[in-house]
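What follows is the residue order along each chain.
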Amino acid sequence: MDVNEKISRLYQEYRADLEAARTAEKRGNINGAKKLYRQAALDLCEMASLESGETKRQRILHAEEILNKAKSLETSPQEKPHTAVAASTATEGNSSGKQAENGDGAEKNPWECEGIPSTTFDDVVGMEDVKKLIRERVINQIRYPDVYAQFKLKGGTGVLLFGLPGTGKTTIARAIAHEFNAPLYTVKGSDVRNKWVGESEKLIRQLFDKARSTPTSLIFFDDFDDLGKKRQNDGDHNDKIIVELINQMDGFRENTNTIVLLAASNKPWMIDSALMRPGRFEHHFYVPLANHEARILLVKKNLSDVPVVSGIDMDQVSDMLKGYNGADIVSVVKGAKLAAINRTIKLQSSGEQGTCPVTYDDFVEAAAE
């Protein structure tokens, strides 16, 4: 998305938030109106950060006017009771309106786990060295703490998986959760980042509170270099997120349950160093591209029970796919299957019977696309 597209999107959000704020104020939902006015001001400030000159100055001045409007509501007479209809109206036009008060006074924890993943380490093709390290340094030390204590060896429960995109980091995280037979909470930066002051930190606290509600839980931060990026020490919104993450991670020692923290990153050098200290993400496992043998295994796994011409040289197929990540290899196999499917349909459409198997040439064509 280029700068003009971002500004256009932000402008639409600003208009929706401003309209929702005015509607909420008119309906008597003062608390919701204040939040929505602040949100509209933040939209303008974000637009200003992408602009320059007089346009930028006018955006900032307008944002200040809207913030003053929100502030004036704080000194307004006691807000009038508002109905459920009023509350729902205040959320129309933009998803950020969901942050307005719903009037029932009850705060719900927004985090829901996906349950116990069915993915196992058998689904992680190759990478035997990585799986061995994870079992020794993470899984076993949690399963057999007394044995590790006998040998004066203690490990943390924070694991950073780093490597190129598509190498299987998410699959490994899901397999770890399966090993523990525990629920998995998958978190992206967009799930946490919130323009409301203090809301991102609150979401992080709610996430950890939810994870503490079961004997064992796993939290998986996907694309962690986004959420955990280095602090600028200038009061930036992200700095506060890092501080809250550290506070929650350091609170592990007070937990009565087991929380395993997992994170995946394509750019580990961008992560704040404080998050990498002992007791936090102290285990760092590199997840490499599939080697020659792993590529063959991955191709064969995705060709299981599929019509394939006999005699395909899998070494040649693997050499062809050197440098491909796991996701790309699966995509090439899919392309080869589709080529065989198209030939089979053409054959049967002509009135003939039979099935056209996948050939080596199908892989060549699929890899070239």
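Given the structure is predicted, the values throughout are model-derived calculations rather than measurements. (Residues numbered from 1 in each chain as written. Predicted model: local features only at pLDDT ≥ 70, side-chain atom pairs only at ≥ 80, totals over all residues. Heavy atoms only, no water.)

Draft legend 1. Focus on the confidence of the model for the chain. In this model, the chain carries an average pLDDT of 82, and 85% of its residues clear a pLDDT of 70 or more. Highest mean pLDDT in the chain belongs to helix α13 (residues 314–320) (95); lowest belongs to helix α4 (residues 84–90) (30). Scored below 50 in pLDDT, residues 76–105 shows 44 contacts in the model against residues more than four places distant or in partner chains. (pLDDT = per-residue confidence, 0-100. Helix = DSSP H or I, 4+ residues; strand = E, 2+ residues; numbered from the N terminus. Contact = heavy atoms within 4.5 Å.)

Draft legend 2. Region of interest: the packing of helix α14 (residues 326–349) against helix α15 (residues 360–368). In contact at an axis separation of 8 Å, α14 and α15 are set at 120 degrees when each is read in the N-to-C sense. Taken together, the axes of α14 and α15 lie oblique to each other. Read as a crossing pair, α14 and α15 show a hand that is right-handed. Touching Val332, Val333, Gly335, Ala336, Ala339, Ala340 and Arg343 of α14 are Asp362, Phe363, Ala366 and Ala367, all from α15. (Axes fitted to C-alpha atoms, helices over the stretch in contact; angles between N-to-C directions. Parallel < 35°, antiparallel > 145°, perpendicular 65-115°, else oblique. Left-handed = near helix turned anticlockwise from the far one by under 90°.)

Draft legend 3. Looking closely at the packing of aromatic side chains. One pass over the structure, following the stated rule, counts 3 aromatic pairs. With a centroid separation of 5.5 Å and an interplanar angle of 45 degrees, the aromatic rings of phenylalanine 221 and phenylalanine 224 are classed as tilted. Across the pair, exposure class does not vary: phenylalanine 221 and phenylalanine 224 are buried alike. (Phe/Tyr/Trp six-rings, centres within 6.5 Å; stacked < 30°, edge-to-face > 60°. Buried < 20%, exposed > 50% of the residue type's maximum accessible area, 1.4 Å probe, protein only.)

Draft legend 4. Seen up close, the sheet that holds strand β2 (residues 184–187). Ordered by their spatial adjacency, 5 strands build an open sheet running β2-β3-β4-β1-β5, and the pairing between neighbours is parallel. Whereas interior strands pair on both sides, the edge strands pair on one side only; in this sheet they are β2 and β5 (283–286). Between one strand and the next, the sheet's axes are offset by a mean angle of 20 degrees, whatever the strand orientation. Bridging between strand β1 (residues 158–162) and β5 involves 4 bridges; their strand directions are parallel. When the sheet's bridge partners are listed, leucine 160 is paired in β5 with histidine 284. Strands β1, β4 (258–265) and β5 of the sheet are contacted by helix α5 (residues 128–143), whose axis makes an angle of about 160 degrees with β5. Each of β1, β2, β3 (216–221) and β4 is contacted by helix α7 (residues 169–180), which is oriented at about 175 degrees to β3, the strand it contacts most. (Pairing = 2+ DSSP bridges.)

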